[in-house]
Amino acid sequence: MEIFRNKKIYIAPKTPISVAFKEYLAQALDFEFLGFLDKVKEDNDVSKVEQIIEKEFDYIVIISPNHYKMIYSDYLKLINKNKISVILIEHNKYNILKKVVETRISKIEKYSKEIDEKCEKRKSIAFISKGFIDSNNKYLFLYLLKEKIDCYIITDNKEQIEELKEFDIPYYELESDEGDKAIARAKYLIFDQANYTYFYISPNQKTVQLWHGVGLKKMSKLTNIEYDYFISTSNWTNETNFKNVFCAKEYLDCGYPRNDIFFKDEEPIDLIFCNKEIYSLVKNKKHKKIALYMPTIREYLFNKNMNLKEFDIVPIDFIKLNEELLNEDILLIVKLHPSVMEFFKELIVNEEFSNIKFHPTQGDIYPIIKYVDVLITDYSSIAYDFLLLDRPIIFFDYDRELYEKNMGGFLFDYDEYSPGINVKTEVELIIALKFLEDCFFIKREEIKDKFFKENGLVSKTLLNRILIQSSKL
């Protein structure tokens, strides 16, 4: 990072990760921070790249794991490439990317306009999943396949592609020529993330944003795209949150397709991306009690470029916890955020635990969730999906003050919207697991009624309300 010493820099975009990077730089060296650049967010310290072209600066530093190629390509149109630097986070360290391969989004525009010029009818439905295939895309996609709708999934996750091949599921590789053509010819483009919506979309295409969670986290307004349909779980979540963040022609409160698995029997294909060994252990109830620990991402972790054991970043001694769980015949499933897993690896990589199982970070945990007895989480939206099962929740909020400060506060009052036992330490967590008393039935029901309009098979509702015409085209 020495190239930034005594330099005038902008950082792009403005996210918790980039804020943490700014703080890291401030600790590591002297530099002049000029502000953040972001094309969709507005804040006192945020500018658009078009506003700083004539200003004096040394570098624009891009740090965005999912978007950096698109941001880089946009900036190249206005800024000399020698003044643009891209940072990647690898093995818990910040590294400067030596060469950026530019995005292929211009090809999508080319193919799409060719289709429009020929007046070709679009019929298919494309599910776009950058990084990994998340659960809402997965379950709606599988349902449409079962209903014999012309649909396919487009992803760049090599491991998940291998599983798709095993089931002979239609797919295309994202950022391949065939993938670009598949996006261009689709009638509907369906997303459940916001990290691949920066390409050309024809007026003859429809967009559906399923998103991936409701909860406590604040989000900045995203204005790069106006979706035709934004899907949430209730009108209350739309009015208090999503309408202030996403632009859409219609906001629907159908619910999340991933929660369909809670209300139906699993079929073999439903277990794709799910760890089959853990699923079998949990479904067959081989332990007295089964707990699931799913903490959310902690962006502030990326501000610590040193020995993590010096900090309270990993709050669990897994060896000690495993002994306690063994004595009580409790099985603990742990599913960490892919970025957070990096901080746990050195502590668990050489250990085999009898009563702790780690689920793949990018895998699908939902077929397992329906069989667990208690959820352990913190500020994650998983807590609100779990309300549909009406089972106890333990909120392990050991870093609440630090997390809340880094996120700029919560969307709702945390104490009011955490309907379960709150614990701060590993000792308190163990006690809560051993002597769990469920006293939050009424509170869970109150909050569930706000977050969820209805239960049932969401995928069927979505097909009937907005996608059924695709099967008739």
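Structure shown above.
Residues numbered from 1 in each chain as written. Predicted model: local features only at pLDDT ≥ 70, side-chain atom pairs only at ≥ 80, totals over all residues. Heavy atoms only, no water.

Engineer: Kindly report on the overall build of the protein chain, identifying the contributing residues and their values.
Structural biologist: Looking only at helices and strands, the protein chain features 16 helices and 19 strands. Its C-alpha atoms give the protein chain a radius of gyration of 23 Å, near enough to 23 Å, the size a compact globule of 473 residues would have. In terms of overall dimensions, the protein chain has a C-alpha envelope of 65 × 60 × 40 Å along the principal axes. Put simply, the protein chain has 473 residues, and 56% of those count as buried. Taken together, the 68 basic and 78 acidic charged side chains of the protein chain have centroids lying 4 Å from each other. (Helix = DSSP H or I, 4+ residues; strand = E, 2+ residues; numbered from the N terminus. Rg over C-alpha atoms; globule rule 2.2 N^0.38 Å. Buried < 20%, exposed > 50% of the residue type's maximum accessible area, 1.4 Å probe, protein only. Lys, Arg positive; Asp, Glu negative; His and termini not counted. Charge placed at Lys NZ, Arg CZ, Asp CG, Glu CD.)

Engineer: Which residues make up the pattern of salt bridges, and what are the values?
Structural biologist: Counted under the stated rule, the structure contains 35 salt bridges. One salt bridge connects Asp156 with Lys130, and the closest N-O pair in it is separated by 3.5 Å. Of the two residues, Asp156 is situated in the loop between strand E8 (151-155) and helix H5 (158-166) and Lys130 in the loop between strand E7 (124-129) and helix H4 (135-146); the sequence distance between them amounts to 26 residues. On the basis of relative accessibility, which here comes to 26%, the residue Asp156 falls in the partly exposed class. Within this structure, Lys69, Lys130, Asp156 and Glu175 form a network of salt bridges that share partners. (Salt bridge = Lys/Arg side-chain N within 4 Å of Asp/Glu carboxyl O.)

Engineer: So what about the side chain of Asp253? Which residues, and what values?
Structural biologist: Looking at the secondary structure, you find Asp253 in the loop between strand E13 (246-252) and helix H8 (276-283). Under the relative-accessibility criterion, Asp253 is labelled buried at 14%.

Engineer: Help me get a handle on the pairing of strand E15 (residues 330-334), residues and values and all.
Structural biologist: Two faces belong to every sheet, and in a regular strand the side chains alternate between them. Taking burial as the measure, the 5 residues of E15 include 5 buried ones, the bulk of the element. Residues Ile330, Leu332 and Val334 point to one face of E15 and Leu331 and Ile333 to the other, with burial holding for every one of them. Pairing analysis gives 3 bridges linking E15 to strand E16 (residues 356-358), with the strands arranged parallel. Bridge assignment links Ile333 to a residue of E16, and that residue is Lys357. (Pairing = 2+ DSSP bridges.)

Engineer: Quick one: what's the story with the environment of Glu226, residue by residue and with numbers?
Structural biologist: Checked against the element boundaries, Glu226 lands in strand E12 (residues 222-231). Sequence-wise, Glu226 and Lys249 are 23 residues apart; in three dimensions their C-alpha atoms are separated by 7.0 Å.

Engineer: Any chance you could break down the packing of H4 against helix H16 (residues 458-467) for me, citing the residues and the numbers?
Structural biologist: Running from N to C, H4 and H16 cross one another at 75 degrees; their axes reach a closest spacing of 9 Å. Regarding the angle of H4 to H16, the classification is roughly perpendicular. Contacts from Tyr139, Leu140, Tyr143 and Leu144 in H4 reach Ser459, Lys460, Leu462, Leu463 and Leu467 in H16. In terms of residue class, the contact of H4 with H16 is made up of 7 nonpolar, 1 polar and 1 charged. (Axes fitted to C-alpha atoms, helices over the stretch in contact; angles between N-to-C directions. Parallel < 35°, antiparallel > 145°, perpendicular 65-115°, else oblique. Contact = heavy atoms within 4.5 Å. Nonpolar A, V, L, I, M, F, W, Y, C, P; charged D, E, K, R; others polar.)

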